[in-house]
Amino acid sequence: QCVRLKLQQVNHWAGLTSVSYTHLDVYKRQLLASTLFAFNQTTLLESGKAALKNFATSVTSMNNVKAISVVGYADKLGSAAYNHALSTKRADVVRAYLQFENNLSYIQFTSLGKGSLVSSAATQTCSNKLGRQTLIDCLSPDRRVEINVY
């Protein structure tokens with residue numbers, strides 16, 4: 001999915017304000033953690049490696065890639081601190097795999113974990129009253145890694 005962002009820069013000088021706009025195309029890819037990792041784990045599965053290799057191949061065919069950001073997310077199970085650490089580690093693992101195992105080291109990378117702060121709209125109906133495995137399955141869309149190519 002390619003998204004065109006309009007960035008606004010406001011300049012203040014000598015009491016005057018000017019606004020300039022820059023258009024930036026961002027290619028976004030979201031991968032479910034279940035494709036990349038086993039539940040509650042940070043080691044890439046073979047299916048995750050294959051998905052990331054496929055993604056890296058598409059990145060190498062793009063022109064003028066400046067940077068890639070990797071953002072990890074977790075579900076609401078567990079403490080906020082644990083989920084933040086898990087999502088950060090998963091984002092770091094994906095970044096390292098893309099950067100060093102798929103020859104994308106010439107691109108600037110950033111990685112960030114957001115824990116369970118941003119849930120998917122698909123999990124709004126997941127109730128804590130569900131059985132544990134049913135709840136884990138229901139919350140699957142919250143466990144994801146988002147990759148943005150700039």
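To be clear, the structure that these remarks concern was listed above.
In what follows, the accompanying structure is described. Since we're looking at a predicted model, the values are computed, not measured. (Residues numbered from 1 in each chain as written. Predicted model: local features only at pLDDT ≥ 70, side-chain atom pairs only at ≥ 80, totals over all residues. Heavy atoms only, no water.)

**Structural notes on the overall build of the chain**
Put simply, the rule is: Where helices and strands are cited, they refer to DSSP runs of H or I of at least four residues and of E of at least two residues respectively, numbered from the N terminus. Each residue's exposure class comes from its accessible area (1.4 Å probe, protein chains only) as a fraction of the maximum for that residue type: buried when under 20%, exposed when over 50%, partly exposed otherwise. Here the accessible surface of atoms and residues is derived via Shrake-Rupley with a 1.4 Å probe, and residues count as covered only by protein chains that are part of the display.
Regarding its fold elements, the chain presents four helices and five strands. Ordered by position from the N terminus, the helices and strands of the chain form the series β-β-α-α-β-α-β-α-β. Classification of the 150 residues of the chain by burial places 36% in the buried group. Roughly 8,900 Å² of accessible area belongs to the chain as shown, and the carbon and sulfur atoms make up 52% of that amount.

**Thoughts on the nonpolar core**
Just so we agree on the cut-off: Residue types Ala, Val, Leu, Ile, Met, Phe, Trp, Tyr and Cys, when buried and joined through side-chain atoms within 4.5 Å, form a set referred to as a nonpolar core. By the convention used here, residues are in contact when the closest approach between their heavy atoms is within 4.5 Å.
Ranked by internal contacts, the top residues of the largest apolar core, which has 23 residues, are L52, I68, V94, L98 and I147. Among the elements that take part in this core, helix α3 (residues 80-101) stands out by supplying five residues, more than any other. Discounting chain neighbours no more than four positions away, the residues touching V94 are L36, F37, L52, V70, V145 and I147. Of all hydrophobic cores here, the second largest spans five residues; its members include L77, C126, I136 and L139.

**As for the packing of aromatic side chains**
Quick reminder of the rule: Stacked, edge-to-face and tilted are the three classes for Phe, Tyr and Trp ring pairs, Trp counted by its six-membered ring, which pair at centre distances within 6.5 Å; planes under 30 degrees apart are stacked, over 60 edge-to-face, the rest tilted.
Tallied over the full model, the rule gives one aromatic pair. Centre to centre, the rings of Y27 and F55 are 6.1 Å apart; their planes meet at 20°, and the pair counts as stacked. Taken together, the positions of Y27 in strand β2 (residues 16-32) and F55 in helix α2 (residues 46-60) put the pair 28 residues apart, joining distant regions of the chain.

**Quick notes on the state of the cysteines**
Filter applied, for reference: Two cysteine sulfurs form what is called a disulfide whenever their separation falls within 2.5 Å.
Within the structure shown, the criterion is met by one disulfide. Across a sulfur-sulfur distance of 1.9 Å, C126 and C138 are joined as a disulfide pair. Around the S-S axis, the bridge from C126 to C138 shows a dihedral of about -90° and counts as left-handed. Note that C126 is positioned in the loop between β4 (108-113) and α4 (132-138) and C138 in helix α4, a separation of 12 residues in sequence. You can call C126 buried: its relative accessible area is 5%.

**Regarding the pairing of strand β5 (residues 144-149)**
Which entries qualify depends on this criterion: DSSP-based pairing: two strands are paired if at least 2 bridges between them are found.
With six of six residues buried, β5 is to be regarded as a mostly interior element. Burial of the side chains of β5 extends over both faces: R144, E146 and N148 are buried on one face and V145, I147 and V149 on the other. As defined by bridge partners, strand β3 (residues 67-72) adjoins β5 across five bridges and the pair is classed as antiparallel. Opposite G72, over in β5, you have V145 as the bridge partner.

**Here's the deal with the side chain of R143**
By the secondary structure assignment, R143 is in the loop between α4 and β5. With relative accessibility at 10%, the residue R143 sits in the buried group. Setting aside anything within four residues of it in sequence, one finds R143 in contact with L32, A33, S34, F39, Y73, A74, D75, R90 and I136.

**A word on α2**
Working note: α-helix, 3.6 residues per turn, so residues spaced by three or four point in the same direction. Note the cut-off: Here a helix's expected span is defined as the number of its residues, less one, multiplied by 1.5 Å. To be clear, the arc concerns the directions from the helix axis to the C-beta atoms.
Along its 15 residues, α2 runs 21 Å from first to last C-alpha, staying within 8% of the 21 Å computed at 1.5 Å per residue. For α2, the complete set of buried residues consists of G48, A51, L52, F55, A56 and V59. Along α2, the residues classed as buried sweep out an arc of 140° about the axis, all on the same side. Of the residues in α2, the exposed ones pointing more than 90 degrees away from the buried face are E46, K53 and N54.

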